[in-house]
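Reading the structure
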Amino acid sequence: MPGLGSKLLALAALVKASVAFLNATESASQFVLQNDRLYLAVDKKNGQVVDVVLDDEDLLGPLSGNTGKGPYVDCSCVPSGAWTPGGTATFQLIKGTDSTGTPYGGVRMSDTYKPTNQSIEQWWFLREGETGIHLFTRVTYFNQTTPHLRDLGELRTLFRPNTKLWTHLSGSDGNYAPIPSADAYKNQVVVQDATWYLGNTAQDAYVQQYSDYFTKYTFAESWRDHKVHGQFSDGTTSSDGNTYGAWLVHNTRETYYGGPLHHDLIVDGIVYNYLVSAHYGAPVPNITHGFDRTWGPQYYHFNKGTPNTTLAELRADAARFADPTWNADFYDSIAKYVPNYAPKRKRTTFEATIQLPRDAKRPIAVLSENRQDFQLNVFDHASLQYWADVNPRTGRVEIPMVKAGVYRLTVYADGVFGWFIQDDVVVSAGARSRSRSPKKFHWKPESAGKEIWRIGTPDKSAGEYKHGYALDTSKPLAPEQHRIYWGQWDFPTDFPDGVNFKVGESRESEDFNYVHWSWFPGYANYVRPEPVYDNVNNWTIEFDLSKSQLAGSRRATLTVDLAGAKTANGNNKWADLPAEKFSSVPYTVAVNGRDIETWVIPAVRSGSCGVRGGVVCQNFGHKFEFPTALLKKGANKFVLSLPFNATDTETSVLPGVIYIQYDALRLEFS
C-alpha cells in the first residue's frame, strides 16, 4: 500500500510520545497490569482478564457470561469434556526489569482439576511502552493411577469482547468483512453446525459485501505465511471517533502442531489463539502421566489510529511483531518464571543450502519432530517446529531461534511432487551456524519415469480446482469460493454428467471439482435438501497416447496426491470406530474398464475439510502401478472411484458423507 510505511512510523511516534511507566498491583479482587496506554485486570474469582482498556477506550465491554473477557484459556481436556480453569486458582504477581532496562509486570494463574490432578497455568505479561499482552500457557498431568487420561482435544486462548466497538473481522491481508449485525443474527437460519444463512437480512453489510452465509470457518487460515489476525473498529462506534485494532500475532510458531500446513480457526467475533485443535483433521496429543508442555510466547496486540486509519494499516502495524527474534531479550529475562521455555543460549540460527529440483517454486524448509511427518508431530510432548522459505535461486535457508535438538528436515515446493525428508538433523546451540559450514542437502525429486501428463499443481492444496481459490465475484469483497458454505456450490448443477476431464482440453479451474464426493448430500444442504447419488462417486479422466509414448515402456505409474480426505472418523483420527464401515475408505482406479488397484485411505489421515471451507488439510498420496499393456494408442480412460453412497454417523448437523480433495495427479511411464 503506498505510504503505508510512513503511516506506521507515525503510529509508532504516537506511542513514543506517551509518558512511560509500568504498574503491577494487587487488590482484594484483581491483579492490575498498567502502562502509559494499556490497562488490563485479571479477576481473582475466575482467573481471567476482565478489563482491557487502551487510551481510555474499553476494548472488552462488560463481563457477561462467557463474553466481555480475555485473553483467557479454556480446553477440552478433562474426562467430562470442557474445562475453563481459574475458579479455584492460585496466583503470582510478577514484577521486574528486563535486560534492556524495560520494566515489566506479569500475572501467573495456576489451577488444578483435582479429580485427575491435571493443571493449567496461564501467564500474562505487559511491558512498559507496549500496547500488547505476552502469553504463555502450560498443561501438566501427573497421575500414575491413570497413566492415559484422554486426548488434549482442544486448548486455546480467547479475546472475547462484549461491545459494539468492533466493526470488522480480519483473517488474512485479503480476507476481511464487516461483522454481521444483531439483526442478521436474529433472522439467521441454521444450515449446518456453526453455519448460518443470513440472506434474510439483505441490508446487512456482511451480506451485501461478503456472503449470504456466515461461519467461523470462513476466516480460517493456514499457518505457513500467517502473521496476524483480529478485529477492527472503523471509528463509527468508538467513544472518540478513532479506529482500533485487537490482534493475535504469530510472533512464534514453535509450540503449535502440524507445521506450515496446519489450518485453523482464527476469528469470528472472538479473536482465537488455537494452541491445539482437531480442526481440519489436525492431530492432537494424548494426555499421559508426565505430560508437561508450555505453549508460547504469543502476543495479543492492541492499537489505535486516527479516524482515517484503515484496517490494513492497523493490521500491518501488528504484523511488525510477527518475528521470533522480536523481544527475545525480554523472553530471556522472564524465562525463570515460565517452565520449559528455552532462552537464547539454548538456541541458534539453523542454516542450510538445499539443491532444489529445477521446477521448484515457493520452496520451504521445515524442522520438526524427528522421524515423524510434521503433519502428525504430536507424539513427543516436547516437540517443536520451525520453518522458513528457501531462496529458490540459491537454495539457502535460515531459520532463527531454533532450540538445540534433533529434528526431521522436510522440504517441499510448488510444482514438485513429493517431499525431501532427512531425519536425525542435529541442531546445536551457541554460535551462529554460519561460523561453521552450513548444512548441505540434495533434493532429488521423486520420479517413476517419463512424465506423460499431470492434472493440477502439486502445491499441497485443492485450491486450483473449481470453487477453490477462484473468487466469488457476486459480492464486492470477493472472498475465495472455498471459504463459502459448500452447499452454495451445487455439484449436480456444475457437473450434471459427473466429472469427465479430458487431458489437454479440459481446465482444472472449471472441469475438476474441489471436492470428490461419494454422493452429494441433502442433509445440511440449504440449497438442495434432496441427496444426489448418480454421476457423483466415479470420476473419469480421458487421455490420448501416441505410439511413440508407449514404445519401449513397460510400467505405468499414476500418482494420486490428496490435499484432504474425510473418512467416517471425521476429525477424530485416532479413534477405533468398529460400527463405522468407512473409517478407512477404499479408493479404486480402473484403466480402460479394468480395476488395477484399490487403495485403502487410512483413518489417521481423516479430517473434515471441504464442508468446513478447507482446501488444505492432511496431505498424503499413493502410487498406482500397472503394466502399460493395459493402455493403447489413441483414446484411454481412467475411472477414479469412491464407494457409492459412502456414509458416516454425524452427531452434529453435518452431512454424513465421505469425500476426498485432490492436490495433483500424474501419469509416468518407465
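Remember, predicted model here, so these are calculated numbers, not experimental data. (Residues numbered from 1 in each chain as written. Predicted model: local features only at pLDDT ≥ 70, side-chain atom pairs only at ≥ 80, totals over all residues. Heavy atoms only, no water.)

1. Remarks on the overall build of the chain
Test applied: Strands here mean DSSP runs of E at least two residues long; helices mean DSSP runs of H or I at least four residues long; both are numbered from the N terminus. Only the C-alpha atoms count toward the radius of gyration. The rule for a globule is 2.2 Å times the residue count to the power 0.38. Exposure categories follow from relative accessible area, calculated using a 1.4 Å probe and restricted to protein chains: below 20% of the type maximum is buried, above 50% is exposed, and the middle band is partly exposed. The positive count covers Lys and Arg only, the negative count covers Asp and Glu only, and His and the chain ends enter neither. The atom standing in for a charge is NZ when the residue is Lys, CZ when it is Arg, CG when it is Asp and CD when it is Glu.
Within the chain, the regular secondary structure consists of eight helices and 42 strands. The C-alpha radius of gyration computed for the chain amounts to 26 Å, which stays within 12% of the reference 26 Å derived for 670 residues, consistent with globular compactness. Considered along the principal axes of its C-alpha atoms, the chain spans approximately 80 × 65 × 60 Å. Counting every position in the chain, which comprises 670 residues, the buried fraction comes to 60%. The average position of the 66 basic charges and that of the 71 acidic charges among the side chains of the chain differ by 6 Å.

2. As for the packing of aromatic side chains
Here is the rule: In this analysis, rings of Phe, Tyr and Trp, with Trp reduced to its six-membered ring, are considered paired at centre separations within 6.5 Å, and the interplanar angle assigns stacked below 30 degrees, edge-to-face beyond 60, and tilted for intermediate values. Note on criteria: charge over ring means Lys NZ or Arg CZ within 6 Å of the ring centre, with the direction from the centre no more than 35 degrees off the ring normal.
Scanning the model with the defined rule gives 55 aromatic pairs in all. The structure contains a cluster of three or more aromatic residues connected by ring pairs, namely Tyr197, Tyr213, Tyr485, Trp486, Phe491, Phe495, Trp517, Phe520, Tyr526 and Tyr659. Across from the ring centre of Phe31, 5.0 Å away, lies the NZ or CZ of Lys44, which sits over that ring. If you follow Lys460 out to its NZ or CZ, it ends over the ring of Trp419, 3.8 Å from the centre.

3. Focus: the sheet that holds strand β30 (residues 405–414)
What counts here: Strand pairing is assigned whenever DSSP identifies at least 2 bridges connecting the two strands. Interaxial angle, 0 to 180 degrees, is taken between N-to-C directions of lines fitted to C-alpha atoms, where a helix line uses only the stretch in contact.
A sheet is described by the order of its strands in space; here four strands give the open sequence β28-β27-β30-β31, paired in antiparallel fashion. Each having just a single partner strand, β28 (386–389) and β31 (420–427) make up the two edges of the open sheet. The sheet shows a mean angle of 25° between the axes of neighbouring strands, direction not considered. Summarising the sheet, strand β27 (residues 361–369) and β30 pair through seven bridges and their orientation is antiparallel. When the bridges of β30 are listed, Glu369 appears paired with Tyr407.

4. Considerations on the nonpolar core
Keep this limit in mind: Each nonpolar core is a collection of buried residues, namely Ala, Val, Leu, Ile, Met, Phe, Trp, Tyr and Cys, held together in the definition by side-chain atoms within 4.5 Å. Here, residues are in contact when the closest pair of their heavy atoms is within 4.5 Å.
Within the largest apolar cluster, 143 residues are counted, with the highest numbers of intra-cluster contacts made by Tyr587, Phe638 and Tyr662. Look past the residues within four positions of Tyr587 in its chain and what remains in contact with it is Val560, Glu597, Thr598, Trp599, Ile601, Phe624, Leu640, Ser641, Leu642, Ile660 and Tyr662. Grouped together as the second largest cluster of nonpolar side chains are 24 residues, Leu384, Val390, Tyr407 and Leu409 included.

5. Considering the side chain of Gln231
This is how the line gets drawn: As used in this structure description, the phrase polar contact means that two N or O atoms lie within 3.5 Å; if the pair is within protein, one of them must be able to donate a hydrogen and the other to accept it, and residues adjacent in sequence are counted only when both atoms belong to side chains.
Its location among the elements puts Gln231 in strand β20 (residues 228–233). Only 3.0 Å separates the side chain of Gln231 from the backbone nitrogen of Gly269, close enough to count as a polar contact.

6. Quick look at the sheet that holds strand β26 (residues 347–355)
Strand order in the open sheet made by the three strands is β29-β26-β32, with mixed pairing throughout. Here the strands that pair on one side only, and so sit at the sheet edges, are β29 (396–403) and β32 (439–442). In this sheet, neighbouring strand axes are inclined to one another by 30° on average, regardless of whether the strands run parallel or antiparallel. As paired elements, β26 and β29 share six bridges and run antiparallel to each other.

7. Some points on the pattern of salt bridges
Threshold: A side-chain nitrogen of Lys or Arg and a carboxyl oxygen of Asp or Glu constitute a salt bridge if their distance falls within 4 Å.
Applying the stated criterion to the full structure yields 40 salt bridges. The salt bridge involving Arg666 is made with Glu668; its shortest N-O contact spans 3.5 Å.

8. Here's the deal with unusual backbone geometry
The step from Gly70 to Pro71 runs through a cis peptide bond, and the omega angle for that step is 5°. In this structure, Pro71 sits in strand β6 (residues 69–78). Geometrically, the link from Gly296 to Pro297 is a cis peptide bond, its omega value of 5° lying close to zero. Here Pro297 lies in strand β25 (residues 291–305). Phi at Asn645 is positive, roughly 55°, even though this residue is not glycine. Within the secondary structure layout, Asn645 lies in the loop between β41 (634–641) and β42 (659–669).

9. Points about the state of the cysteines
To keep things clear, this is the line we draw: Only a pair of cysteine sulfur atoms within 2.5 Å counts as a disulfide in this structure description.
Within the structure shown, the criterion is met by two disulfides. The residue that forms a disulfide with Cys75 is Cys77, at a sulfur-sulfur distance of 2.0 Å. Note on cysteine connectivity: Cys609 is disulfide-linked to Cys617, with sulfurs 2.1 Å apart. Around the S-S axis, the bridge from Cys609 to Cys617 shows a dihedral of about 95° and counts as right-handed. Residue Cys609 is classed as buried on the basis of its relative accessible area, which comes to 0%. A relative accessible area of 6% places Cys617 in the buried class. In the chain, numbering the disulfide-bonded cysteines from first to last in sequence yields the connectivity 1-2, 3-4.

10. Some words on the confidence of the model for the chain
The condition is simple: Predictor confidence is given residue by residue as pLDDT, running from a minimum of 0 to a maximum of 100.
The share of residues in the chain with pLDDT of 70 or more is 96%, and the mean pLDDT across the chain is 96. The secondary-structure element of the chain with the lowest mean pLDDT is helix α1 (residues 4–16), recorded at 48, while strand β21 (residues 243–249) shows the highest, at 99. Scored below 50 in pLDDT, residues 6–10 shows five contacts in the model against residues more than four places distant or in partner chains. Contacts for the low-pLDDT stretch residues 13–18, under 50 throughout, to residues beyond four places or in other chains number five contacts.

11. A word on helix α4 (residues 311–319)
Residues spaced three or four apart along an α-helix point in a common direction, a consequence of the helix completing one turn every 3.6 residues. Of all nine residues in α4, seven are buried, a share of seventy percent or more. Among all positions in α4, only Leu311, Glu313, Leu314, Arg315, Ala316, Asp317 and Ala318 are buried.

12. A word on the environment of Thr100
One can find Thr100 in the loop between β8 (90–97) and β9 (103–113). In this structure the C-alpha to C-alpha distance between Thr100 and Phe330, which are 230 residues apart in sequence, comes to 7.4 Å. Excluding residues that lie within four positions of it along the chain, Thr100 makes contacts with Arg127 and Asp329. Looking at Thr100, its side chain comes within polar contact range of the side chain of Asp98, at 2.5 Å.

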